[in-house]
Amino acid sequence: MVDQGNPLGASTLRRMVELADGRLGLATTTDGVALLEGGAWRRMASTEKGAANSAFDMRLRADGTLLVATEAGLLRERDGALERWRDGSFAVEEPVYAILEHEGDLWLGTRD
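A brief structural summary. Everything numeric in this text was worked out from a predicted model, so none of it was measured.

Regarding the packing of aromatic side chains
All chains considered together, the criterion is met by two aromatic pairs. Seen in terms of ring centroids, Trp85 and Phe90 are 6.3 Å apart; in terms of plane orientation they differ by 85 degrees. Their pairing is edge-to-face. On the basis of relative accessibility, which here comes to 11%, the residue Trp85 falls in the buried class. Under the relative-accessibility criterion, Phe90 is labelled partly exposed at 48%.

In structure tokens:
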């Protein structure tokens, strides 16, 4: 991000989530996910290519895992970065637009 005082830069805000540890997370249209940590904004790096920069939704799971719906698919936070979410050999690599968790099950809004 160009301006640390403005976490959105030229992006549009799509979702805000308070994480279990009190940090604030923002999902943005072109800058991915920004976290407010210790009074400063930090953009989360991603192991995925540029499509991960378009974040549509975020959901904090009951176990504290942050899931992020992106143009690159479903990602999760691990060790301060975003990586592909997997459940065994299952992963979502198509665009995900919305995330809902109900009674431990994940519901994902996709194109198909």
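Continuing now.
Topic: the sheet that holds strand β3 (residues 33-37)
Read across the sheet, four strands follow the order β1-β2-β3-β4 without closing on themselves; strand pairing throughout is antiparallel. Pairing within the sheet leaves two strands with one partner each, and these edge strands are β1 (13-18) and β4 (40-43). Neighbouring strand axes in the sheet, compared pairwise and without regard to direction, differ in orientation by 25 degrees on average. Sheet analysis places β1 next to strand β2 (residues 24-28), joined by five bridges and oriented antiparallel. Bridge pairing in β2 places Met16 opposite Leu26.

Re the pairing of strand β5 (residues 55-60)
Note that β5 and strand β6 (residues 66-70) share five bridges and pair antiparallel. Across the sheet, the residue bridging to Leu60 is Leu66, located in β6. Between β5 and β6, which pair antiparallel in sequence order, lie five residues; one of them, Gly64, sits at a positive phi of approximately 95 degrees.

Quick word on the sheet that holds β5
Strand order across the open sheet formed by four strands is β5-β6-β7-β8, with antiparallel pairing between neighbours. Edge strands, defined here as strands with exactly one partner in the open sheet, are β5 and β8 (81-84). For this sheet the average axis-to-axis angle between neighbouring strands, irrespective of direction, equals 30 degrees. Pairing between β6 and strand β7 (residues 73-78): four bridges, direction antiparallel. Looking across to β7, one finds that Leu67 is bridged to Arg76.

Thresholds applied
- Every chain is numbered on its own, with residues counted from 1 as its sequence reads.
- Local features in this predicted model are restricted to residues of pLDDT 70 or higher, and side-chain atom pairs are both shown and tallied only at a pLDDT of 80 or more, whereas totals for entire chains, interfaces and linings draw on every residue.
- The basis for the side-chain values is all heavy atoms of the structure; hydrogens and waters are excluded.
- Only Phe, Tyr and Trp rings are paired, with Trp represented by its six-membered ring, and only when their centres lie within 6.5 Å; those with planes under 30 degrees apart are stacked, over 60 edge-to-face, the remainder tilted.
- Relative accessibility decides the category of a residue: with a 1.4 Å probe and only protein chains considered, values under 20% of the type maximum give buried, values over 50% give exposed, and everything between is partly exposed.
- DSSP calls a pair of strands paired once it identifies at least 2 bridges connecting them.
- Under the DSSP-based scheme used, a helix requires at least four consecutive residues in state H or I and a strand at least two consecutive residues in state E, with every element numbered from the N terminus.
- Comment: axis = line fitted to C-alpha atoms, over the contacting stretch for helices; angle = value between 0 and 180 degrees taken between N-to-C directions.

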